[in-house]
Amino acid sequence: MDIANFKDRFCKLYGDGEVRTFFSPSRVNLIGEHIDYNGGYVLPCALEMGTFGCVRGRSDRKIRLASENFDLKVEVNIDELEYEVDHGWTNYPKGVIYYMKESGYKVSGMDILVYGNIPNGAGLSSSASLELLVAEMINNLFNDGDISKLELVKISQRAENDFVGVKCGIMDQFAVAMGRVYKAMLLDCDSLKYRYINMNIKDYKLVIMNTKKRRELNDSKYNERRDECEKALSIINKYKYIDNLCQLSLDGYLEVEKYIDEEYIRNRARHVICENQRVLKACEALENEDIFQLGQLFIESHNSLRDLYEVTGMELDTIVQAAIAQKGCIGARMTGAGFGGCAIALVEKKSVDNFINRVGEIYNRKIGYKAEFYLTGIGDGTREI
Ligand code: GLA
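Residues numbered from 1 in each chain as written. Predicted model: local features only at pLDDT ≥ 70, side-chain atom pairs only at ≥ 80, totals over all residues. Heavy atoms only, no water.

### Observations regarding the packing of helix 6 (residues 222-236) against helix 8 (residues 263-287)
Step number 1: The contact between helix 6 and helix 8 brings their axes to 9 Å, and the two run at 95°. Considering their axes alone, helix 6 and helix 8 lie roughly perpendicular with respect to each other. Each of R225, E228, C229, K231 and A232 in helix 6 lies in contact with helix 8, whose residues at this interface are Y264, I265, R268, A269 and V272.
Step number 2: Looking at the contact of helix 6 with helix 8 residue by residue, the classes come out as six nonpolar, no polar and four charged. (Axes fitted to C-alpha atoms, helices over the stretch in contact; angles between N-to-C directions. Helix = DSSP H or I, 4+ residues; strand = E, 2+ residues; numbered from the N terminus. Parallel < 35°, antiparallel > 145°, perpendicular 65-115°, else oblique. Contact = heavy atoms within 4.5 Å. Nonpolar A, V, L, I, M, F, W, Y, C, P; charged D, E, K, R; others polar.)

### Comments concerning helix 9 (residues 291-307)
Step number 1: Across its 17 residues, helix 9 extends 25 Å between first and last C-alpha, which sits within 8% of the 24 Å expected from 1.5 Å per residue.
Step number 2: For helix 9, the complete set of buried residues consists of I291, L294, G295, L297, F298, S301, H302, S304 and L305. (Expected span 1.5 Å × (residues − 1). Buried < 20%, exposed > 50% of the residue type's maximum accessible area, 1.4 Å probe, protein only.)

### Remarks on the sheet that holds strand 12 (residues 372-374)
Step number 1: On the basis of which strands lie adjacent, the open sheet formed by four strands has the order 10-11-9-12 and antiparallel pairing. Both edges of this open sheet fall to strand 10 (329-334) and strand 12, since each of them pairs with a single strand only. Between one strand and the next, the sheet's axes are offset by a mean angle of 25°, whatever the strand orientation.
Step number 2: Where strand 10 lies against strand 11 (residues 342-348), five bridges are found, and the strand directions are antiparallel. By the bridge assignment, R333 is partnered in strand 11 with I344.
Step number 3: Together, strand 9 (204-210), strand 10, strand 11 and strand 12 form the strand contacts of helix 11 (residues 352-367), whose direction differs from that of strand 9 by roughly 25°. (Pairing = 2+ DSSP bridges.)

### A look at the pairing of strand 7 (residues 183-188)
Step number 1: Across the six residues of strand 7, five count as buried, placing the element largely inside the fold.
Step number 2: Bridging between strand 2 (residues 41-42) and strand 7 involves two bridges; their strand directions are antiparallel. Counted as the bridge partner of V42 is L187 from strand 7.

### Some words on the sheet that holds strand 3 (residues 44-57)
Step number 1: Reading across the sheet, the six strands line up as 5-4-6-3-1-13 and stay open at both edges, with mixed pairing between neighbours. With one partner strand each, in any of the chains shown, strand 5 (74-77) and strand 13 (383-384) form the two edges of the open sheet.
Step number 2: Here helix 1 (residues 3-14) sits on the sheet in contact with strand 1 (20-29), strand 3, strand 4 (62-67) and strand 6 (110-116), set at roughly 135° to strand 6.

This is the structure in structure tokens:
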């Protein structure tokens, strides 16, 4: 990204003057899917792909939003922010601005231009990337950078939950804000304690495979899965008090499983509890540089998301199956919310080219359109550049 050029384009659009530039990454989750909102452990990392933004403060209450990825430009007043379907991508920044103001932080007018190189709708958290970008802009422009990262994470999650209406957990916003180059983060979504783990996968590469089946959280069954987990929790709570499903061990769960009548609710709960255990095992495997074990856990996780949580679908299952059938691939799984979007695979460095060709071919033949593959590195969290 040529930043000087980007700033020029900003000035062409909004006029000359001082411009500040920010970057906010996308993320992948290595393992721990659909358990952030159940108080579980997740293991995401921030990527080098992300959203760039130029901004200039204004002395009035006007917010002007433009993107190089979409034609839609929007102009709104800070004191009249509301979710509007026609406002498309700008609802995310609007939501962040709304909750920054509501939380008592200083906010003034702004002219903003963004450009993202995250494939849109791929489930790599372009929305969290954009939210944190705008939160960090407000933090630096009007609040001397004094607002903690965790607070920016919570405000961004709130914007998505209550302004846009997607009941996502905290993982994406957290990973985007706190990411570190070459590191994965083990985050306990209950206590929000976290630590970094070296992403030392030796002779392997993390290949991101985009099914190109768009995954819109809003359209998906994401909120339905959350409700199903809440249902399981409320039944279990009649017999055993827990704050969230991830507080149960598998043995603890098996004692109460019989009280849940519907099979699909039992399946959801079982996925959550076993996935939580897998995250800790994956973390241990990564720390011991046991990449083979990590790959096995990827496969188990995918199978559970397919059979018990039912959030994969034909495209993700096809790409993961094609991936693990290839020489040099020791594991693959869907990542993010599912129902489309991306999967990840651990592939021996020397086999990567061949892997991409073969999986691409099989996918195209079975699904009828092309998948995309990315070899992006692991990068730092949201920052001014
Ligand atoms: C989406 C949500 C996250 C998380 C994942 C599934 O990415 O935004 O909070 O629930 O799905 O693990």
